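# Secondary and tertiary structure notes
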Amino acid sequence: MATTTAAITLTSADLLTDALSLSATKTLHKAGSTVGLDQTTGMTKAYLTAVTQVDIFPTLIEGSLAFKNKTSWVYICNESEDETEYAIVKLSGNVIGKLYGGDFLWMPWSMAEDADADNKHADIQLTPSVATGMWFTWCCVNEGTEYPTSV
Amino acid sequence: MATTTATITLSSTDLLSDELSLNTTATLTAAGNSTGLTLASGLSRKKVAGAHGQYTLFDGSAYTADKAHKVYLKNISTTAAEFFLITVNAEDVGRLYAGDWALIPWSAHDNDCDIKIDPSANDMTLEYMLFIDE
């Protein structure tokens, strides 16, 4: 097994009257265990040049979410340096939030079937706000991925 | 305006043949500009005593829609099998097992965009903080 850690610090000297200085560190484990996650998509760096929605992990198989409710962790960063440029982040077609230039997210992903039954599986989707080109990085660290059979 | 920063570090020496060492810092700003977020829920903890069930942590209708809110969540349990299932707009996002944390953008884009939490066991405590875009 591998040992992968995710750490965060949240700091501010002026958001509150008292200083905010929060830290959390966690080793990434398989669901319900203390066994380390051992698979990853690797870090993707992508330059998206259209305002169309893309599926950033296009390997989920219709009707066969083999890793549903297993542990997957997703990192996405909008590398744009323009604070007006954003990407809409959706999960199975439902808006989670927007990542503006410089923003990142770190979230678990249970690959659950779409609650709306609109055939989007558990896709994580990004929609850039401009077509002039935006850089993104993303990766998934997980228990495994079921890849489509080649035809 | 306030200056609040979030820094993530992902590291591993044995997940891949090459070392993973990622470090990213973001300043938490309002939607579409460089003004720092000035409102926050404060760092909080919530425990549902007795029988566990799904509850609404943040009501989408209570916050300005289509903004750059950020949500920090942490499961402070030390029991590996205990998790919180996070849902947004009734869609399963994922499970936070013991010690896990997450930082998620939240646009509260409509009244249905609630963030709900479903503990897997009784008496679990969630730590959370919402950074609010006015």
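Definitions and cut-offs
- Residues numbered from 1 in each chain as written.
- Chains lettered and ligands numbered in written order.
- Predicted model: local features only at pLDDT ≥ 70, side-chain atom pairs only at ≥ 80, totals over all residues.
- Helix = DSSP H or I, 4+ residues; strand = E, 2+ residues; numbered from the N terminus.
- Buried ≥ 20, exposed ≤ 12 C-beta atoms within 10 Å, placed from the backbone.
- Contact = placed C-beta atoms within 7 Å.
- Pairing = 2+ DSSP bridges.
- Axes fitted to C-alpha atoms, helices over the stretch in contact; angles between N-to-C directions.
- Core = buried A, V, L, I, M, F, W, Y, C linked by C-beta atoms within 7 Å.
- Nonpolar A, V, L, I, M, F, W, Y, C, P; charged D, E, K, R; others polar.
- pLDDT = per-residue confidence, 0-100.

### A short note on the overall build of chain A
Counting its secondary structure elements, chain A contains 0 helices and 11 strands. Start at the N end of chain A and walk to the C end: the helices and strands fall as β-β-β-β-β-β-β-β-β-β-β. Here the C-alpha coordinates of chain A stretch approximately 55 × 45 × 30 Å along the principal axes. Per-residue burial over chain A gives 43% buried out of 151 residues. By sequence separation, contacts in chain A at least 24 residues apart represent 71% of the contacts at least 6 residues apart.

### A look at the overall build of chain B
Regarding its fold elements, chain B presents 0 helices and 11 strands. Tracing chain B from N to C terminus, the helices and strands come up as β-β-β-β-β-β-β-β-β-β-β. Per-residue burial over chain B gives 44% buried out of 134 residues. Contacts in chain B between residues far apart in sequence, at least 24 positions, make up 72% of those at least 6 positions apart.

### Describing the pairing of strand β10 (residues 115-119) of chain B
Residue and element names in this part refer to chain B. Alternating positions in β10 separate cleanly, I115, I117 and P119 being buried on one face and K116 and D118 remaining unburied on the opposite face. Two strands pair when backbone bridges link them, and strand β5 (residues 55-58) and β10 are joined in this way by 3 bridges, in the antiparallel orientation. Across the sheet, residue F58 finds its bridge partner in β10, namely I115.

### A short note on the environment of A87(A)
All names here are of chain A. Along the chain, A87 turns up in strand β7 (residues 86-91). For the pair A87 and L126, spaced 39 residues apart in the sequence, the C-alpha separation amounts to 6.0 Å. Residues contacting A87, with those up to four places away along its chain left out, are N78, K98, L99, L126, T127, P128, S129, M134 and F136.

### Remarks on the sheet that holds β5(B)
Residues and elements named next belong to chain B. One open sheet accounts for 4 strands, arranged β5-β10-β7-β8; its pairing is antiparallel. In the strand order of this sheet, the two ends are held by β5 and β8 (91-97), each with one partner. The average undirected angle you get between the axes of adjacent strands in this sheet is 30°.

### Here we look at the nonpolar core
A general feature of soluble globular proteins is that nonpolar side chains tend to end up buried together. Counting residues in hydrophobic clusters, the biggest one holds 75 residues, and the most contacted among them are I76(A), L105(A), W106(A) and L73(B). Setting aside anything within four residues of it in sequence, one finds I76(A) in contact with V89(A), L99(A), F104(A), L105(A), F136(A) and W138(A).

### Re the pairing of strand β9 (residues 104-108) of chain A
Residues and elements named next belong to chain A. Within β9, 5 of the 5 residues are buried, which leaves it mostly tucked inside the rest of the structure. Of the two faces of β9, the one holding F104, W106 and P108 and the one holding L105 and M107 are both buried throughout. Where strand β6 (residues 72-78) lies against β9, 5 bridges are found, and the strand directions are antiparallel. From the neighbouring strand, C77 faces β9, where its bridge partner is F104.

### Focus: the interface of chain A and chain B
On the chain B side, the residues contacting the 50 residues of chain A number 51 residues. Taken together, the elements giving at least two residues each to the side of chain A that touches chain B come down to β1 (4-12), β2 (20-27), β6, β7, β8 (94-100) and β9 of chain A. With 9 residues, the single largest contributor to the side of chain A that touches chain B is β1(A). Its residues assigned to classes, the side of chain A that touches chain B comprises 27 nonpolar, 17 polar and 6 charged. Where β1(A) lies against strand β1 (residues 4-12) of chain B, 9 bridges are found, and the strand directions are antiparallel. Bridge pairing links T5(A) to S11(B) in β1(B).

### Some remarks on unusual backbone geometry
Residue and element names in this part refer to chain B. Of note in the backbone geometry, N89 takes a positive phi value of approximately 55° without being a glycine. Mapped onto the elements of the fold, N89 is located in the loop between β7 (83-88) and β8. With a phi angle near 45°, A108 is a residue other than glycine that sits in the positive phi range. Within the secondary structure layout, A108 lies in the loop between β9 (101-106) and β10. For A108, a count of 28 C-beta atoms within 10 Å translates into the label buried.

### Points about the sheet that holds strand β5 (residues 54-55) of chain A
All names here are of chain A. Across the sheet, 4 strands lie side by side as β5-β10-β7-β8; this open sheet has antiparallel pairing. Because the sheet does not close on itself, it has two edges, and the strands there are β5 and β8. Summarising the sheet, β7 and strand β10 (residues 124-128) pair through 5 bridges and their orientation is antiparallel. Bridging from a neighbouring strand, K90 pairs with Q125 of β10.

### Observations concerning the confidence of the model for chain B
Per-residue pLDDT for chain B has a mean of 95; in total, 100% of the residues score no lower than 70. Across the interfaces of the predicted complex, the ipTM metric reaches 0.96, alongside a pTM of 0.96.

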